[in-house]
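Structure at a glance
If you want the building blocks of each chain, they are given just below.
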Amino acid sequence: MSESVLTVRGLVGGYSRKRPVLKEVDASVRPGELVGLLGLNGAGKSTLMKHIIGLLQPIGGTVEVCGHTLGSSGEAYRASFAFVPESPLLYDELSVWEHLEWTAMAYGVEEKTFRERAERLLDRFRMEKERTKFAGHLSKGMRQKVMLMCAFLARPPLYVIDEPFLGLDPLAIRALLEQMREEKEAGCGLIVSSHILSMLESYCDRYVVLHDGAVVASGTAEDVVAAAGTPPSGKVEQAFFRLVGGSGR
Ligand SMILES: Nc1ncnc2c1ncn2[C@@H]1O[C@H](COP(=O)(O)OP(=O)(O)OP(=O)(O)O)[C@@H](O)[C@H]1O
């Protein structure tokens, strides 16, 4: 059994065997850790996430969630993570509350825990008034909040969250950051992609920086800064720009 909730080893992957997007990617997330997945548009962040959630099959290398691989123990693998995509995917004819109920059922969350967590999430994300509304009648940001609430309701060992900040208002961003901190404290691991590094910087324990499908730096803020050759006092943002070829070179 692996100690990490996510272990990606030598992952070669993408949409065609002839032209893989990901080139020998290594990454891991330990319990209680938030790992920031950084990269410019097209770097391969979403492709890596599609591999983690099992939408894409590795061309080479392995992906393990809580020590399970999709091939050997698919059910346990799928039950061990929750994924929040960049664009909300909801059932337009189901209400907010029904989405929460369905998620709780799918993940086997017990009734009392479900009610407590659901009420808390509705309150935190300021969605109490929307609980009976159909998803099809919600704003884009509200739809994003429903996706997030469903993920947090399940409280699995691993969260895979793609670009969560886009489309959220400042209060929702604060609620999300607070919720992520709570999940970490509960021992869950999170891998979160974002272009908005400043938002994540003070919450990340480690980083994986992707460029053209390859890991150009990984580890703590200090490791990333060192990999970029920026001054030790430098910020991750500056190091990131330098690593991916933007200003700072
Ligand atoms: N469905 C697809 N079929 C073929 N190629 C794809 C597909 N989706 C993405 N790609 C290619 O894979 C590469 C990585 O894309 P990916 O979506 O993983 O980047 P990203 O880092 O998530 O970017 P962004 O920040 O813009 O969301 C790009 O070159 C892209 O053109």
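Not measured: the values here are computed from a predicted model. (Residues numbered from 1 in each chain as written. Predicted model: local features only at pLDDT ≥ 70, side-chain atom pairs only at ≥ 80, totals over all residues.)

Looking now at the environment of Phe152. Mapped onto the elements, Phe152 comes out in helix α5 (residues 140–154). Looking at Phe152, the number of C-beta atoms within 10 Å reads 25, which means it is buried. Placed 27 residues apart in sequence, Phe152 and Gln179 show a C-alpha to C-alpha distance of 8.0 Å. Sequence-distant contacts of Phe152, defined by excluding residues within four places in its chain, comprise Leu121, Gln179 and Glu183. (Helix = DSSP H or I, 4+ residues; strand = E, 2+ residues; numbered from the N terminus. Buried ≥ 20, exposed ≤ 12 C-beta atoms within 10 Å, placed from the backbone. Contact = placed C-beta atoms within 7 Å.)

The next thing to look at is the domain arrangement of the protein chain. Here the domain parsing of the protein chain yields domain 1 (6–80 + 156–243) and domain 2 (93–154). The distance between the C-alpha centroids of domain 1 and domain 2 comes to 25 Å. Counted by class, the side of domain 1 that touches domain 2 contains 9 nonpolar, 2 polar and 2 charged residues. (Domains from an automatic or database assignment. Nonpolar A, V, L, I, M, F, W, Y, C, P; charged D, E, K, R; others polar.)

Once that is clear, we can look at the pairing of strand β9 (residues 214–219). With 5 bridges connecting them, strand β8 (residues 206–211) and β9 associate as antiparallel partners. Bridge pairing links Val209 to Ala217 in β9. Connecting β8 to the antiparallel partner β9 that follows it, the hairpin turn spans 2 residues, and Asp212 within it adopts a positive phi of roughly 50 degrees. (Pairing = 2+ DSSP bridges.)

Helix packing geometry: the angle between the two helix axes and the distance between the axes. At a minimum axis separation of 8 Å, helix α8 (residues 221–228) and helix α9 (residues 236–243) run at an interaxial angle of 40 degrees. One element, α8, and the other, α9, form an angle in the oblique class. Handedness of the crossing formed by α8 with α9: left-handed. The segment α8 lies against α9, with Ala221, Val224, Val225, Ala227 and Ala228 engaging Val236, Ala239, Arg242 and Leu243. Residues that form the contact of α8 with α9 fall into these classes: 8 nonpolar, no polar and 1 charged. (Axes fitted to C-alpha atoms, helices over the stretch in contact; angles between N-to-C directions. Parallel < 35°, antiparallel > 145°, perpendicular 65-115°, else oblique. Left-handed = near helix turned anticlockwise from the far one by under 90°.)

The full set of residues close to the ligand is Tyr15, Val21, Gly39, Asn41, Gly42, Ala43, Gly44, Lys45, Ser46 and Thr47. Across the shell around the ligand, the residue classes break down as 3 nonpolar, 6 polar and 1 charged. (Near = placed C-beta within 6 Å.)

Grouped together as the largest cluster of nonpolar side chains are 75 residues, with contacts concentrated most on Val35, Met149, Leu158, Tyr159, Val160, Leu190 and Val209. Of all the elements, α5 adds the most residues to this core, at 9 residues. The residue makeup of this core includes at least three contributed by each of domain 1 (6–80 + 156–243) and domain 2 (93–154). (Core = buried A, V, L, I, M, F, W, Y, C linked by C-beta atoms within 7 Å.)

Spatially, 6 strands are ordered β5-β6-β7-β3-β8-β9 in an open sheet, and the strand pairing comes out mixed. Two strands bound the open sheet, and with one partner strand each, they are β5 (81–84) and β9. Averaged over all adjacent pairs, the angle separating strand axes in this sheet is 15 degrees, with direction ignored. Sitting on the sheet, α5 is in contact with β5 and β6 (158–162), with an inclination near 170 degrees to β5. Contacts from α9 reach β3 (34–38), β8 and β9 within the one sheet, and its direction differs from that of β8 by about 25 degrees.

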